[in-house]
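# Chain and residue survey
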Number of protein chains: 2
Amino acid sequence: MRLSVRLLAVSATALSLAAAPALAQDARTLREAEQLRDRALHDNVAYELVEELTTRFGPRLAGSASEQASARWGADRFREMGFDNVSIEEFPLALWTRGEARVEILSPFPQPLQVVALGGSMATPAEGIEGEAAIFETYQQLLDQPEGALAGKIAVVLQDTVQAQDGRGYGATSPIRGNGPFEAAKRGAVGYVLRSLGTHDHRFAHTGATRVGEGTVPAFAMSPPDADQLRRMVAMTDQPVRMRLFSTAGFTADSHSQNVIGEVRGSGAADEVIVIGGHLDSWDLGTGAIDDGAGVAITAAALKLIEDMPRRPRRTIRVVWWGSEEVSQPSPAQGLAGARFYAQSRSGEMANHVAVSESDFGAGPIYSLNLPAGAADTDFRRAAQAVLTPLGVLFDPAPATGGGPDTGPTVAAGVPAFRLNQDGTDYFDTHHTVDDVLDRIDPEAMDQNVAAWAAFLWLLANSDVDFRTLRGTATPTN
Amino acid sequence: MRLSVRLLAVSATALSLAAAPALAQDARTLREAEQLRDRALHDNVAYELVEELTTRFGPRLAGSASEQASARWGADRFREMGFDNVSIEEFPLALWTRGEARVEILSPFPQPLQVVALGGSMATPAEGIEGEAAIFETYQQLLDQPEGALAGKIAVVLQDTVQAQDGRGYGATSPIRGNGPFEAAKRGAVGYVLRSLGTHDHRFAHTGATRVGEGTVPAFAMSPPDADQLRRMVAMTDQPVRMRLFSTAGFTADSHSQNVIGEVRGSGAADEVIVIGGHLDSWDLGTGAIDDGAGVAITAAALKLIEDMPRRPRRTIRVVWWGSEEVSQPSPAQGLAGARFYAQSRSGEMANHVAVSESDFGAGPIYSLNLPAGAADTDFRRAAQAVLTPLGVLFDPAPATGGGPDTGPTVAAGVPAFRLNQDGTDYFDTHHTVDDVLDRIDPEAMDQNVAAWAAFLWLLANSDVDFRTLRGTATPTN
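In this text the structure is predicted, and so the values were computed from the model without any measurement.

Let's shift gears to the overall build of chain A. Helix and strand content of chain A: 15 helices and 16 strands. Relative to a compact globule of 478 residues, whose C-alpha radius of gyration would be 23 Å, chain A shows 23 Å and is just as compact. Considered along the principal axes of its C-alpha atoms, chain A spans approximately 75 × 40 × 40 Å. Taken over 478 residues, chain A has a buried fraction of 63%. Residue pairs in contact within chain A that sit at least 24 positions apart in sequence constitute 83% of those at least 6 positions apart. Of the accessible surface of chain A, which amounts to about 16700 Å², a share of 52% is contributed by carbon and sulfur atoms. Distance from the positive charge centre (40 side chains) to the negative charge centre (60 side chains) of chain A: 3 Å.

What follows is the structure, encoded as structure tokens:
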């Protein structure tokens with residue numbers, strides 16, 4: 001309903017905005033961007049893509065046959081949508097397999113917990129690991145322990161993840177999952193259990209990558225209610241809590257993953273490349289609908305709308321469905337295998353990459369835009385804001401420091417990033433759980449995403465704004 | 001908030017109600033009932049009981065060591081609360097064990113489904129069962145199949161459970177779980193998968209009893225989103241859906257379950273017994289917080305408030321924490337082993353049972369009261385309504401035909417039933433899933449339950465209303 005109301009506002013203001021003399025973008029481009037935006041609100045290509053992807057391929061663990069098959073399907077879809085230079089680029093990947101995981105309380109109150117193994121974690125011995133739990137309310141309390149303090153114990157961290165629209169609560173707790181097992185092992189622990197990095201109180205446990213390598217221990221995430229249960233147990237008795245851990249997880253095969261690439265070639269400045277996309281791999285629990293079927297579908301659908309325009313954009317827009325965003329890997333590379341491969345194998349082309357971004361935060365509506373440093377006081381920014389404001393998208397003056405996880409290696413190579421920020425208030429209710437399925441996606445919010453992406457990309461691809469030059473010219477406003 | 005507002009209304013009207021000349025109940029009893037009600041709204045005994053029960057014992061599968069231990073704890077609690085004649089009565093029970101369950105789609109779109117085995121269901125062969133799915137939108141479509149029509153196939157029923165405040169949607173679909181595997185087997189099927197009897201779209205699968213005996217097949221419930229996924233799969237392709245089922249479920253040991261019994265003995269008419277309670281056993285997935293830790297806690301807490309009154313009630317009030325409500329059993333007895341044992345071993349005492357009811361529908365607020373036939377036009381009903389109306393409890397003129405599952409055998413022996421109906425709109429979101437944990441309980445709604453039970457019981461136990469006599473005197477009003 002909210003979007004429908006906004007759309008009325010759009011119709012009333014479109015012409016006046018397009019004619020506004022303060023905008024340096026040509027009036028035609030602005031009108032086209034508005035048309036793209038409004039068309040996207042009645043388009044359902046993104047939802048159809050994520051529906052087909054999640055139904056046909058289910059979970060798409062990096063390096064699995066399912067991820068590989070979904071990449072072939074993706075390339076076929078790119079060709080059907082009329083994209084140029086469609087390709088699949090493969091890279092090697094160690095395949096991690098979850099196997100079985102069980103954690104139970106042995107005493108004082110025997111009962112099973114609802115857990116998952118962390119991605120990249122290792123197996124226990126076949127007989128499992130038994131030990132007394134060393135339970136910490138916060139991760140810092142664990143870090144404050146001296147070496148040897150946890151000898152023979154199972155380290156348990158109950159710290160909760162704070163809910164926030166921009167996901168900063170997850171950012172704050174992610175070291176608990178990524179590094180916690182190493183920090184626990186360093187202090188003598190034989191196993192590790194954390195409260196899932198989730199913002200709900202239902203019995204879903206959240207997986208997610210943990211660091212791989214020598215010096216770690218088998219690691220699990222329990223559901224939030226199980227962490228609450230442990231807390232109550234501690235409050236009800238002075239007896240120590242003893243647990244048993246069991247897991248058969250591990251790296252089981254040499255495999256490969258792949259990036260799926262397609263473009264709408266520019267006319268006029270075809271060598272100036274804007275890279276967008278999402279990641280095609282998902283965790284093996286759900287069907288990767290919000291993480292990140294939504295992102296691959298939103299960005300491809302936006303590009304399809306641009307492909308369908310009567311004229312080509314000036315710059316080239318490239319969509320990449322990244323392979324292997326989720327999983328960690330044995331040293332030295334710890335993750336983002338697809339994004340690293342892309343940037344490393346194109347180190348000579350990075351100078352032609354004018355902007356990069358990713359859609360990897362679910363399917364909630366976009367509420368703000370970050371541009372690279374120096375772009376706030378430009379006509380391009382004003383044009384973008386004129387076109388995006390009716391969708392409920394604010395301009396956030398903080399410069400974008402990245403465009404999403406898979407943009408990391410490209411950004412590190414000097415490519416400017418922008419972000420269309422999605423409302424992730426509920427994202428960590430579902431993220432990395434079995435519940436990440438199509439039912440979690442609101443098609444209307446998805447259309448709003450496509451509208452914002454398509455309109456913004458049209459402006460950017462038809463602009464001569466150079467974020468790399470601007471970066472040096474202005475002080476960030478915050 | 002709603003309860004707080006009502007409570008203000010109570011304080012303002014209590015005296016005038018108590019003095020109303022149309023009520024045959026003595027004014028003192030009415031005032032005491034109102035005091036009990038208002039005291040219960042600030043009492044937290046029920047929540048503390050269910051908190052301790054679910055934390056100490058976790059899942060309490062009928063016949064398990066955990067159920068048995070929880071019964072011993074329950075008897076101790078009854079004694080601590082000052083109840084009379086506390087006892088544990090054991091009865092034999094075949095122990096069913098879930099083991100492991102897996103269901104996967106083999107083609108056209110290979111992927112695992114989120115499933116649980118139905119309670120009482122049997123194992124597959126060790127290599128599993130493979131077959132083509134015969135998929136039915138409704139259970140009736142399966143029943144309409146002739147014998148042999150499903151030969152070698154896996155029967156799949158996608159029918160949804162309708163959400164309703166009084167749970168009638170569950171009532172309508174429960175034969176799909178109870179009898180479906182037999183009906184499928186009769187038509188040649190080798191396995192059975194139903195859409196969980198759940199009213200949500202999250203990835204929780206719901207267990208629950210299915211009939212045991214010769215002529216059935218291994219049976220599973222998939223989560224609602226998995227049923228949606230199958231439906232999409234069928235829509236996307238003309239290829240048959242092939243599945244593999246695997247389960248190690250079965251009856252594994254001779255064990256026992258037990259009823260836990262306590263009373264507040266009456267003075268004046270101690271031999272007239274009112275029986276209330278809930279069931280102590282739960283499914284093995286969650287910790288049985290709403291099903292039925294809530295009910296055992298609500299009824300015991302109500303009785304504790306009565307125990308704490310300065311005078312004894314006229315009639316005896318007995319609380320029974322029933323054993324083994326959930327599980328089905330091999331023939332001839334199919335279930336309700338605790339309730340059957342109670343009624344059968346007391347067949348000579350049924351004439352002294354003046355009323356029976358149970359709290360077994362979660363922890364939502366009570367919204368209506370059903371009395372036995374003939375009770376609508378009595379001063380007792382008017383008194384009950386006067387005391388319960390400020391809690392938001394309506395009088396439902398339809399006569400109560402039962403008081404909850406465990407009252408069945410007692411009601412069959414001629415004992416009149418009443419019901420304090422809880423709002424179960426969300427009950428089947430959680431019922432029989434791993435998510436049935438303490439986090440699902442709203443303590444405030446629980447207090448309202450205790451208030452309604454305590455006040456109603458006080459009126460009933462101090463009344464001379466005889467529902468057995470009334471039953472013959474009036475035509476049901478609907």
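There is more to say after this.
With 33 residues of chain B at the contact, the number on the chain A side is 33 residues. In total, chain B and chain A occlude about 2600 Å² of area from one another, counting both sides; carbon and sulfur atoms represent 51% of this. Viewed at the interface, chain A and chain B are joined by two salt bridges. The tally of links from chain B across to chain A stands at 18 residue pairs in polar contact (both at pLDDT 80 or more). Elements represented by at least two residues in the side of chain B that touches chain A include exactly α3 (45–57), β3 (111–113) and α8 (224–236) of chain B. Considered class by class, the residues forming the side of chain B that touches chain A number 13 nonpolar, nine polar and eleven charged.

Looking now at the UniProt feature "domain: Peptidase M28" (unreviewed entry) in chain A. Following the UniProt record, the feature "domain: Peptidase M28" (unreviewed entry) maps to residues 259–456 of chain A here. The span residues 259–456 of chain A is 31% helical and 20% strand by assignment, and the distance between its end C-alpha atoms comes to 24 Å.

A few words on the sheet that holds strand β14 (residues 366–370) of chain A. Residue and element names in this part refer to chain A. Pairing within the open sheet is mixed, and its three strands lie in the order β15-β14-β16. Two strands lie at the open edges of the sheet, namely β15 (394–395) and β16 (419–422), each paired on one side alone. Note: β14 against β15, two bridges, orientation parallel. Note on β15: the bridge partner recorded for Ser368 is Leu394. Strand contacts of helix α14 (residues 443–461): β14 and β16, with the helix running at about 25 degrees to β14, the strand carrying the most contacts.

A few words on the pattern of salt bridges. Enumeration according to the criterion identifies 67 salt bridges over all chains in this entry. In this structure, Arg195(A) and Asp160(A) form a salt bridge, with 3.2 Å as the shortest nitrogen-oxygen distance. A residue pair is termed long-range when its members are at least 10 positions apart, and Arg195(A) in strand β7 (residues 191–195) and Asp160(A) in the loop between β6 (154–157) and α6 (168–178) qualify at 35 residues. Of the charged contacts in the structure, one is a salt bridge between Glu183(B) and Arg187(B), with a shortest N-O distance of 2.9 Å.

Let's shift gears to the relation of the copies chain B and chain A. When chain B is fitted to chain A, the best match, at an RMSD of 0.0 Å, comes from turning it 180 degrees and sliding it 0.0 Å along the axis. With respect to symmetry, the two chain copies, as superposed, fit the operation of a two-fold axis. Ranked by how close their C-alpha atoms come to the rotation axis, the residues of chain B are headed by Phe204(B), at 4.4 Å. Taken as a fraction of all interface residues of chain B, those also at the interface in chain A reach 100%, which identifies the copy contact as same-surface.

Turning our eyes to something else, we now look at the packing of helix α2 (residues 27–40) of chain A against α14(A). Residues and elements named next belong to chain A. Between α2 and α14, whose axes approach to 7 Å, the crossing angle comes to 165 degrees. The angle between the axes of α2 and α14 places the two elements in the roughly antiparallel class. The element α2 and its partner α14 pack so that their crossing is right-handed. Every residue of α14 that contacts α2 at Thr29, Leu30, Glu32, Ala33, Leu36, Arg37 and Ala40 is listed here: Asp447, Val450, Ala451, Ala454, Ala455, Trp458 and Leu459.

A word on the environment of Gln140(B). All names here are of chain B. Along the chain, Gln140 turns up in helix α5 (residues 139–143). Given the relative accessible area of 45%, Gln140 is considered partly exposed. Distance from Gln140 to Ile176, taken between C-alpha atoms, is 9.3 Å for residues 36 residues apart in sequence.

Residue and element names in this part refer to chain A. Assigned domains within chain A: domain 1 (12–96 + 253–470) and domain 2 (99–248). In this structure, domain 1 and domain 2 have C-alpha centres spaced 34 Å apart. In this assembly, 25 residues from domain 1 lie in contact with 26 residues from domain 2. Contact with domain 2 buries surface across domain 1, with Trp96, Phe428 and Asp429 losing the most and accounting together for 30% of the total. Along the contact surface separating domain 1 from domain 2 lie zero salt bridges. Across the contact surface, domain 1 and domain 2 share ten residue pairs in polar contact (both at pLDDT 80 or more). Among the elements that make up the side of domain 1 that touches domain 2, the one with the highest residue count is helix α13 (residues 427–430) (three residues).

Bringing α3(B) into the picture now. Side chains that are three or four residues apart share a direction in an α-helix, a result of its 3.6 residues per turn. With 13 residues, α3(B) extends 18 Å from end C-alpha to end C-alpha; this agrees with the ideal 18 Å at 1.5 Å per step. Considered for burial, the residues of α3(B) that qualify are Ala46(B), Leu49(B), Val50(B), Glu52(B), Leu53(B), Thr54(B), Thr55(B) and Phe57(B). Among the structural elements, β3 (111–113) and α8 (224–236) of chain A together with α4 (65–80), α9 (289–307) and α14 (443–461) of chain B are those in contact with the buried residues of α3(B).

So, about the environment of Arg382(A). Mapped onto the fold, Arg382(A) is located in helix α11 (residues 379–388). Counting along the chain gives 40 residues from Arg382(A) to Tyr342(A), while the straight-line C-alpha distance between them is 32 Å.

Applying the stated criterion to the full structure yields 31 aromatic pairs over all chains. An angle of 75 degrees between the planes, with centres 5.6 Å apart, marks the rings of Phe380(A) and Phe456(A) as edge-to-face. Here the residue Phe380(A) occupies a position in helix α11, and Phe456(A) occupies one in helix α14, the gap between them amounting to 76 residues. Like Phe380(A), the residue Phe456(A) is buried in the burial classification. Chaining the aromatic ring pairs together yields one cluster made of Phe57(A), Trp73(A), Phe78(A), Phe83(A) and Trp321(A). The ring of Phe182(B) has Arg211(B) sitting right over it, with the charged end atom 3.8 Å from the ring centre.

Rules of the game
- Residues numbered from 1 in each chain as written.
- Chains lettered and ligands numbered in written order.
- Predicted model: local features only at pLDDT ≥ 70, side-chain atom pairs only at ≥ 80, totals over all residues.
- Heavy atoms only, no water.
- Helix = DSSP H or I, 4+ residues; strand = E, 2+ residues; numbered from the N terminus.
- Rg over C-alpha atoms; globule rule 2.2 N^0.38 Å.
- Buried < 20%, exposed > 50% of the residue type's maximum accessible area, 1.4 Å probe, protein only.
- Contact = heavy atoms within 4.5 Å.
- Areas by Shrake-Rupley, 256 points an atom, 1.4 Å probe, with all protein chains shown as cover.
- Lys, Arg positive; Asp, Glu negative; His and termini not counted.
- Charge placed at Lys NZ, Arg CZ, Asp CG, Glu CD.
- Buried area = accessible area lost by both parts, 1.4 Å probe.
- Salt bridge = Lys/Arg side-chain N within 4 Å of Asp/Glu carboxyl O.
- Polar contact = N/O pair within 3.5 Å; in protein donor to acceptor, adjacent residues only side chain to side chain.
- Nonpolar A, V, L, I, M, F, W, Y, C, P; charged D, E, K, R; others polar.
- UniProt positions renumbered as here; feature names shortened; annotations may be inferred.
- Pairing = 2+ DSSP bridges.
- Axes fitted to C-alpha atoms, helices over the stretch in contact; angles between N-to-C directions.
- Least-squares fit on C-alpha atoms with pLDDT ≥ 70 in both.
- Parallel < 35°, antiparallel > 145°, perpendicular 65-115°, else oblique.
- Left-handed = near helix turned anticlockwise from the far one by under 90°.
- Domains from an automatic or database assignment.
- Expected span 1.5 Å × (residues − 1).
- Phe/Tyr/Trp six-rings, centres within 6.5 Å; stacked < 30°, edge-to-face > 60°.
- Lys NZ or Arg CZ within 6 Å of the ring centre and 35° of its normal.

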